[in-house]
Amino acid sequence: MRKKGLLILPLLILALLTGCKSIKDAVSAKTPDLGKPFSCSFKLSAYESDKASRMALGGTMQRLGTGIWEMDITDSETLNGLHISYNDAGLSASLGNLNFDIERDNINGAAMFKLIFDAVENCSAMPSLTLTQSEDGSQYSGQISQCGYIMTFSPDTMELIGISFPDAEIEVTITDFRSSTESGTETTESGAESEVSEEAEAAAE
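Residues numbered from 1 in each chain as written. Predicted model: local features only at pLDDT ≥ 70, side-chain atom pairs only at ≥ 80, totals over all residues. Heavy atoms only, no water.

A. Up close: the overall build of the chain. The secondary structure content of the chain amounts to 3 helices and 12 strands. Counting across all 205 residues of the chain, residues that qualify as buried make up 37%. For the chain, restricting intrachain contacts to residue pairs at least 6 apart in sequence, the fraction spanning at least 24 positions comes to 41%. A total of about 12,600 Å² of accessible surface is found on the chain, and carbon and sulfur atoms cover 53% of it. (Helix = DSSP H or I, 4+ residues; strand = E, 2+ residues; numbered from the N terminus. Buried < 20%, exposed > 50% of the residue type's maximum accessible area, 1.4 Å probe, protein only. Contact = heavy atoms within 4.5 Å. Areas by Shrake-Rupley, 256 points an atom, 1.4 Å probe, with all protein chains shown as cover.)

B. Looking closely at the packing of aromatic side chains. Scanning all chains against the criterion turns up 7 aromatic pairs. Ring centres of Phe113 and Phe117 lie 5.7 Å apart, and the angle between their planes is 65°; on these two criteria the pair is classed as edge-to-face. With Phe113 and Phe117 both in helix H2 (residues 112–124) and 4 residues apart, this pair spans about one turn of that helix. Judged by its relative accessible area of 0%, Phe117 falls in the buried class. Each member of the aromatic cluster is reached from another via a ring pair, and the members are Phe38, Trp69, Tyr86, Phe113, Phe117 and Phe177. For the cation-ring pair, Arg54 lies above Tyr47, with the distance from its terminal atom to the ring centre recorded as 4.6 Å. (Phe/Tyr/Trp six-rings, centres within 6.5 Å; stacked < 30°, edge-to-face > 60°. Lys NZ or Arg CZ within 6 Å of the ring centre and 35° of its normal.)

C. Highlighting the side chain of Ser39. Looking at where Ser39 falls in the secondary structure, it is placed in strand S1 (residues 38–47). Looking at Ser39, the relative accessible area reads 11%, which means it is buried. Beyond its immediate sequence surroundings of up to four residues, Ser39 is in contact with Met61, Gln62, Asp176, Phe177, Arg178 and Ser180.

D. The arrangement of the side chain of Thr152 in detail. As for its position among the elements, Thr152 is in strand S9 (residues 148–153). Overall, the relative accessible area of 9% leaves Thr152 in the buried class.

E. Structural detail: the pairing of S9. In terms of burial, S9 is largely enclosed, as 5 of its 6 residues are buried. Taking the residues that link successive antiparallel strands as the turn, the strand S8 (residues 137–143)-S9 hairpin has 4 residues. Note that S9 and strand S10 (residues 160–165) share 4 bridges and pair antiparallel. The residue of S10 that forms the bridge with Thr152 is Gly162. In this structure, the hairpin formed by S9 and S10 is closed by a connection of 6 residues, where Met158 is found at a positive phi of approximately 65°. (Pairing = 2+ DSSP bridges.)

F. Main features of the nonpolar core. The biggest cluster of nonpolar side chains holds 41 residues, and the ones touching the most others in it are Met151 and Phe165. Ranked by the residues each element gives to this core, the list is headed by H2, at 7 residues. Ignoring sequence-local partners within four residues, the contact set of Met151 consists of Leu34, Ala119, Val120, Cys123, Ser138, Gln139, Tyr140, Leu160, Gly162 and Ile163. (Core = buried A, V, L, I, M, F, W, Y, C linked by side-chain atoms within 4.5 Å.)

G. Layout of the pattern of salt bridges. Under the defined criterion, the tally for this structure stands at 4 salt bridges. One salt bridge in this structure joins Arg104 and Asp88, with 3.8 Å as the shortest N-O distance. One end of the pair, Arg104, is in the loop between strand S6 (98–103) and H2; the other, Asp88, is in the loop between strand S4 (83–87) and strand S5 (90–95), and 16 residues separate them in sequence. The exposure class assigned to Arg104 is partly exposed, which follows from its relative accessible area of 33%. Lys114 is paired through a salt bridge with Asp118; the nearest N and O atoms lie 2.7 Å apart. Note that Lys114 and Asp118 are positioned in helix H2 at a spacing of 4 residues, about one turn of the helix. The same class applies to Lys114 and to Asp118, which are both buried. (Salt bridge = Lys/Arg side-chain N within 4 Å of Asp/Glu carboxyl O.)

H. Region of interest: unusual backbone geometry. One non-glycine residue with positive phi stands out, namely Met158, at about 65°. Even without glycine at this site, Glu169 takes up a positive phi of about 55°. Locating Glu169 in the fold gives a position in the loop between S10 and strand S11 (170–181). Classification of Glu169 by relative accessible area gives partly exposed; the value is 36%.

Okay, structure coming up:
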């Protein structure tokens, strides 16, 4: 009887381990959520119009709601101080004393800021994302009307850490990613964020 018990024991252990694995595989993996408002810093690298050299610029951007964006360029030799507001109505931009508005239908679809905004909106609208693992992180490949894009997420937190557009040879590195609530951000700079949100809502009306 004892011998029979010893023979059954390994089978029970095997069944237990197999059962645990099945439970583990059934648990949904953490997936990115770009549908909520967020803010982040970014570094962008792209070729100049002459294709002879690459340009680099950096700054901050905020997704305040579906199709509502703010971008500030704070690290650029020529565009430092550029502020962009983007929504369904179109684009508003200011640089020093220069201010101009562009209706949505007249915006250049290949503009770098629009590629970024469109890619995030496209990705956020997907009901589910199939991610592939690379040495850069967890990646999702998508397509917008202008070109294809690759979103890269941190495997640990699923925060957005990069966006690339291989056909356009544009690379965007994302840092300081912070998700926000619909009523305001979770950062301590709530007052400043609230003011930006109100400006964006006014621009969208």
